[in-house]
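# Working through the structure, step by step
This is what each chain is made of:
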Amino acid sequence: FEVEGSFRTPYAQTITVAKSGGDFTTINAAYTYAMTLTPSATNQILIKVMPGVYDEQLTLDTSYISLIGDSKDTTKITNGSATYAVVYNSSAIAGVSVRNMTIDSSSSANAVRVTNSSSDIWFEHNNIINSAAYSIAIASTAGGTFKYNYIAGANCGACTISGGVWENNEFHNRHTNTNPGLASVSGGTFRNNYIHEATNTIYGGNFEGNYFAGGIGTSSSGSAYF
């Protein structure tokens, strides 16, 4: 049993990010400093992000550095000028979690993108959204473990998914039921998710115990297992 905000592993060191009174005022500055502390499986680093809106773009490229927000209602990372994703990872890192915050692109870029196949990058109890028009919250994602997240975009919640583990998430389209909450899936494991709006182009992956509120979609075919 896992309680929201609880830690999977003990952390050797904690760094605080806050608008005032913390160790750093930006997440990137705290992350850069954490990298100098030689993070490892026995020296895991936690970055605690206090309430506020942090306008920055973050690349997760170092193992054993995790982030936790004060809560997903009070802690937000966003970047309206992001060109790729607000939170992005392409390298095979391990022992990383991002929890209890809102990640909002508010631009044509994605909120989250994980392009390597590692499942040891955890996104849990977050709002992962894109508040811009005709946008996608999560796209071109090949790995990661996503649990108990609210995932929503204007075009679709998550699109072009080729891998990863997805459990107990909500996938939504924010504007119209004609667009999907989840689309263009070629791989990955999906368990016990609530998938709102019409879902389409699912041609791979394993699906177990999901609720498709808008149907699976007429264009779904191929190697998907339901």
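To keep things clear, this report deals only with the structure shown in the data block.

## Points about unusual backbone geometry
- In this structure, Ser140 takes a positive phi of about 50° despite not being glycine.
- Structurally, Ser140 can be placed in strand S13 (residues 136–141).
- A relative accessible area of 31% means that Ser140 is categorised as partly exposed.

## Quick look at the pairing of strand S18 (residues 170–173)
- Bridge count between strand S15 (residues 150–153) and S18: four bridges; the pairing is parallel. Among the inter-strand pairings, Ala152 is bridged to a residue of S18, identified as His172.
- Direction of pairing for S18 relative to strand S21 (residues 194–195): parallel, over a ladder of two bridges. Counterpart to Glu170 in the pairing with S21 is Tyr194.

## Considerations on the side chain of Ser66
- Mapped onto the fold, Ser66 is located in strand S5 (residues 65–69).
- The residues touching Ser66, leaving out its near neighbours within four places in the chain, are Tyr11, Ile45, Leu46, Ile47, Gly95, Val96 and Ser97.

## Description of the sheet that holds strand S2 (residues 45–49)
- Judged by pairing direction, the sheet is parallel, and its nine strands sit side by side in the order S1-S2-S5-S8-S11-S14-S17-S20-S23 without closing on themselves. Of all strands in the sheet, those with a lone pairing partner are strand S1 (13–17) and strand S23 (206–208), marking the two edges. Adjacent strand axes in the sheet meet at a mean angle of 15° when their direction is disregarded.
- Pairing of strand S14 (residues 145–147) with strand S17 (residues 165–167) involves three bridges; the strand directions are parallel. In the strand pairing of S17, Phe146 is matched with Trp166.

## Quick word on the pattern of salt bridges
- Summed over the entire model, instances satisfying the criterion amount to five salt bridges.
- In this structure, the salt-bridge partner of Glu124 is Arg99, at a minimum N-O distance of 2.9 Å. Here Glu124, found in strand S11 (residues 121–124), pairs with Arg99, found in strand S8 (residues 96–99); they are 25 residues apart in sequence, far enough to count as distant.
- The salt bridge partner of Arg191 is Glu167, with a shortest N-O separation of 2.5 Å. You can see Arg191 sitting in strand S20 (residues 189–191) and its partner Glu167 sitting in strand S17, a full 24 residues away along the chain.
- Assessed through its relative accessible area of 29%, Arg191 is described here as partly exposed.
- Salt bridges sharing partners connect three or more residues here, namely Lys147, Glu167, Arg191 and Glu208.

## Some details on the environment of Val185
- Position of Val185 among the secondary structure elements: in strand S19 (residues 182–185).
- Owing to a relative accessible area of 0%, Val185 belongs among the buried residues under this scheme.
- In the structure, Val185 is positioned 23 residues away from Ser162 in sequence and 6.0 Å away in space, judged by C-alpha atoms.
- For Val185, the residues in contact, after removing those within four places along its chain, are Ile161, Phe190, Thr201, Ile202, Tyr203, Gly204 and Phe207.

## Some remarks on the pairing of S2
- A large share of S2 lies buried, amounting to four of its five residues.
- Bridging between S1 and S2 involves five bridges; their strand directions are parallel. Its bridge partner lying in S2, Gln13 is registered against Ile45.

## Considerations on the state of the cysteines
- Scanning all chains against the criterion turns up one disulfide.
- Disulfide pairing places Cys156 opposite Cys159 at an S-S distance of 1.4 Å. Residues Cys156 and Cys159 agree in their burial class; the two are buried.

Definitions and cut-offs
- Residues numbered from 1 in each chain as written.
- Predicted model: local features only at pLDDT ≥ 70, side-chain atom pairs only at ≥ 80, totals over all residues.
- Heavy atoms only, no water.
- Helix = DSSP H or I, 4+ residues; strand = E, 2+ residues; numbered from the N terminus.
- Buried < 20%, exposed > 50% of the residue type's maximum accessible area, 1.4 Å probe, protein only.
- Pairing = 2+ DSSP bridges.
- Contact = heavy atoms within 4.5 Å.
- Axes fitted to C-alpha atoms, helices over the stretch in contact; angles between N-to-C directions.
- Salt bridge = Lys/Arg side-chain N within 4 Å of Asp/Glu carboxyl O.
- Disulfide = S-S within 2.5 Å.

What is shown is where atoms sit, not what they do.
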